[in-house]
Every structure is written in structure tokens, then in C-alpha cells.
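# Working through the structure, step by step
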Amino acid sequence: MKQYELKAYQEIEEWKRQINKRSSLLNRLSKKAQTKINSLIPEKAHQIITDSIKNMVKATLIGSNATTRKKQASGSTLADMDEMLKQKIASFRKTAAVEGAGTGAGGILLGLADFPLLLSIKMKFLFEAAVIYGYDTNEYEERLFILHIFQLAFSSDDKRKDTLKLIEEWEDRKEGLAELDWKEFQQEYRDYIDFVKMLQLVPGIGAAVGAYANYNLLDHLGETAKNAYRLRILKTAPRPD
């Protein structure tokens, strides 16, 4: 294994350790509270929310796939790919920050518009990341992989661990995978970002909170995508001693 690949492998192992670590007490208490609130919401309401987000995500997937250049240059080495993704993350972080500042400054109505706008930015970034690492997003399995990266980035402890295991075993398990559990998908995502996004609606601080939150959410998604694709690529390389 080359020096860069060895370094990447070590970084992936550290990233996996961080995912498998127990989250802070505050995060665990917050998740318990959110789970309790979700249990009080009528199932009919859950279904409406689930269908809305499912349709929103599917529309975003179609749009992102249609607007992503499949034949753009892809790096010939892992180092090349990582450098290209680094530049892409920087660009999308700025886009997300500007979008968050704009909707955050606009009060409640524009603040509510942030949810679908930020979702579309995140999905578009993931399609670009897939192409950089040499994967064809016209394939259903690759679009499903993108959704699992998204879920890995924005989920609770237990779900992150389950999703990481699936990503580690992706080549063996992808053929038998069905559609996502959309109810779980939307609840995990909403629970992850709810508190920050509520602060974005507060007059006077909404713009600053929106810009900061969106910048960091894209940065986190970028790190998750990088390591998820690295993991797949390095699965074909021999494990270092």
C-alpha cells in the first residue's frame, strides 16, 4: 500500500472510532426528548411528514443527477480524488453559508424555506462527490449509497453505527437492498438539525446562526462522504500490517 493510501487508511480508522464512540450526555438527553416528542405525534402526521420529505428527497435526487456532469474529470489516484473533493467541499460550504445567512435574515417564512434549499445543496454535493470518486450516479445502487452517506452524517448514535456497518459491507450487500425506511430517515434528520434550525428563526441572530450552521453541516457531510468513498476504494487494497 502506498504512503498516501496508508495515511488515508489510518484516518478512516480514526473516523470510524469517532462514529462508534458514545455521544455526549447532552446529545443523548436531547435524543431522548426528541424521541418522546415523536411518540406523541399522531401516526397520520408522521406519514404526512414522511411522504413530504420522501418526495422532496426524490425530486432532489432526480434534479441533482440530471445536473451533474458524469464525464467530468476524476482523479487517477486517491490523492487526486481527495484533493478534488477538498475543493468541492470548500465551494459548497460557501454556497450553504450564503444560503443560510439569506434565509436566516428573512425571519420565519424564509427560515422555513431553508430546509428544502439546504437539502438540495447537500444532495447536489453528494452527487458531485460520487463522480469525483468514479461512481456512476445513473445506477440505482449509487443513488442509494448517497442516501446512506446522508444518513450516516445526520443520525443518532445507534443509526450511525448500523449505517457505517452497511457502508463497510456495501459491495456484498447492495444487491439485496430495498428502499430506505423513509420514516426513520426523516425523523433522524429532523432530530439531528432541529435545535440549530430553530435558532436560525430567532430575529437578530438568524443570519449569523444560519451561515455558521450550514457551513458546518456541509463540512461534516463532506468529511463523511470523503471517508465513505475512501472506505469503498481501499476495500480493494491490501490491509496494511
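So, a few notes on the structure that sits alongside this text. These numbers come from a predicted model, not from an experiment.

## A closer look at the packing of helix H1 (residues 3-20) against helix H7 (residues 157-168)
Where H1 meets H7, the axes come as close as 9 Å, and the angle between the chain directions of the two elements is 150°. Our classification of the angle between H1 and H7 gives roughly antiparallel. For the crossing formed where H1 meets H7, the hand is left-handed. Across from Trp 15, Lys 16, Ile 19 and Asn 20 in H1, the residues of H7 making contact are Arg 160, Lys 161, Leu 164 and Glu 168. Residues belonging to the contact of H1 with H7 are distributed by class as follows: 3 nonpolar, 1 polar and 4 charged.

## Topic: the nonpolar core
Core analysis: the largest hydrophobic core is formed by 52 residues, its most contacted members being Val 57, Met 123, Phe 125, Leu 126, Ile 149 and Tyr 229. The leading source of residues in this core is helix H5 (residues 107-132), at 10 residues. With residues near it in sequence (within four places) discarded, Met 123 still touches Val 57, Thr 60, Leu 61, Ser 64, Ile 146, Leu 147, Phe 150 and Phe 185.

## Focus on the side chain of Thr 68
Mapped onto the fold, Thr 68 is located in the loop between helix H3 (43-67) and helix H4 (78-105). Assessed through its relative accessible area of 4%, Thr 68 is described here as buried. Here the side chain of Thr 68 touches Ser 64 through a polar contact of 2.6 Å, landing on its backbone oxygen. A polar side-chain atom of Thr 68 sits 3.1 Å from a polar atom in the side chain of Lys 124. Apart from residues lying up to four places away in sequence, Thr 68 is in contact with Lys 124, Phe 127, Glu 128 and Val 131.

## Remarks on H1
The terminal C-alpha atoms of H1, which comprises 18 residues, lie 26 Å apart, in line with the 26 Å expected from a rise of 1.5 Å per residue. When H1 is considered as a whole, its buried residues turn out to be Glu 5, Ala 8, Tyr 9, Ile 12, Trp 15, Lys 16 and Ile 19. Seen end-on, H1 carries its buried residues on one side only, within an arc spanning 125°.

## Examining H7
When the terminal C-alpha atoms of H7 are compared, their 17 Å separation across 12 residues agrees well with the 16 Å that a helix rising 1.5 Å per residue should span. Listing the buried residues of H7 in full gives Asp 157, Lys 159, Arg 160, Thr 163, Leu 164, Leu 166 and Ile 167.

## Some points on the side chain of Glu 5
The topology assignment puts Glu 5 in helix H1. Comment: no salt bridge for buried Glu 5; closest opposite-charge side chain is Lys 2, at 5.6 Å. The contact partners of Glu 5, leaving out residues within four places of it in the chain, are Leu 78 and Leu 234.

## Digging into the packing of aromatic side chains
All chains considered together, the criterion is met by 10 aromatic pairs. Between Phe 92 and Phe 125, the aromatic rings sit 5.6 Å apart at their centres with planes inclined by 65°, giving edge-to-face as the arrangement. Of this pair, Phe 92 sits in helix H4 while Phe 125 sits in helix H5, and the two are 33 residues apart along the sequence. Judged by its relative accessible area of 12%, Phe 92 falls in the buried class. Taking the relative accessible area as the measure of exposure, Phe 125 reaches 1% and is therefore buried.

## Considerations on the pattern of salt bridges
Counted by the stated rule, this structure contains 16 salt bridges. Here Lys 124 makes a salt bridge to Glu 128, at a shortest N to O gap of 3.0 Å. One end of the pair is Lys 124 and the other is Glu 128, both in helix H5 and 4 residues apart, which spans about a single turn. Given the relative accessible area of 17%, Lys 124 is considered buried. Through salt bridges that share partners, Lys 7, Glu 11, Asp 82 and Arg 230 make up one connected network.

## Description of empty space enclosed by the protein
For the structure on display, the rule yields 1 cavity of 30 Å³ or more. What lines the largest cavity is Ile 167, Glu 168, Glu 169, Trp 170, Glu 171, Arg 232 and Lys 235. Looking at the lining of the largest cavity residue by residue, the classes come out as 2 nonpolar, no polar and 5 charged.

## Side note on the environment of Ile 132
You can see Ile 132 is positioned in helix H5. A relative accessible area of 1% places Ile 132 in the buried class. A C-alpha to C-alpha distance of 7.1 Å links Ile 132 and Met 84, two positions 48 residues apart in sequence.

Rules of the game
Within every chain, residues take consecutive numbers counted from 1 along the sequence as written. Given that this is a predicted model, residues contribute local features only at a pLDDT of at least 70 and side-chain atom pairs are listed and counted only at 80 or more, while totals for whole chains, interfaces and linings are drawn from all residues. Note: side-chain values were computed over all heavy atoms of the structure, leaving out hydrogens and water. Axis definition: a line fitted to C-alpha atoms, limited for helices to the stretch in contact. Angles are taken between N-to-C directions and run from 0 to 180 degrees. In this description a helix means any DSSP run of H or I spanning at least four residues, a strand means any run of E spanning at least two, and both kinds are numbered starting from the N terminus. An angle below 35 degrees is treated as roughly parallel, one above 145 as roughly antiparallel, one from 65 to 115 as roughly perpendicular, and anything else as oblique. If you view the pair so one helix is near and one far, a crossing is left-handed when the near helix is turned anticlockwise from the far one by less than a right angle, and right-handed when it is turned clockwise. Note on definitions: a residue-residue contact is assigned when non-hydrogen atoms from the two residues lie within 4.5 Å. Any residue outside Ala, Val, Leu, Ile, Met, Phe, Trp, Tyr, Cys, Pro, Asp, Glu, Lys and Arg is labelled polar, Gly included; the first ten of those are nonpolar and the last four are charged. Among the buried residues, those of types Ala, Val, Leu, Ile, Met, Phe, Trp, Tyr and Cys that are joined through side-chain atoms within 4.5 Å form a nonpolar core. Exposure categories follow from relative accessible area, calculated using a 1.4 Å probe and restricted to protein chains: below 20% of the type maximum is buried, above 50% is exposed, and the middle band is partly exposed. What qualifies as a polar contact is a pair of N or O atoms within 3.5 Å, subject to a donor-acceptor requirement within protein and to the restriction that residues adjacent in sequence count only when both atoms come from side chains. Given a helix with a known number of residues, its expected span is that number minus one, times 1.5 Å. Think of it as the arc spanned by the lines of direction from the helix axis to the C-beta atoms. Under this rule, positive means Lys or Arg and negative means Asp or Glu; His and the chain ends count for nothing. By definition, a salt bridge exists where a carboxyl oxygen of Asp or Glu is found within 4 Å of a side-chain nitrogen of Lys or Arg. Side-chain rings of Phe, Tyr and Trp (the six-membered ring for Trp) are treated as a pair once their centres are within 6.5 Å; stacked means planes under 30 degrees apart, edge-to-face means over 60, and tilted covers the remaining angles. With a 1 Å grid spanning the protein atoms alone, the term cavity applies to any set of points in which a 1.4 Å probe fits but cannot get out, the term pocket to an open set with protein on both sides within 12 Å along at least five of seven lines, and the term lining residue to any residue with an atom within 4 Å of a point. Grid points are joined across faces, edges and corners, and a volume is the space filled by probe spheres set on the points.

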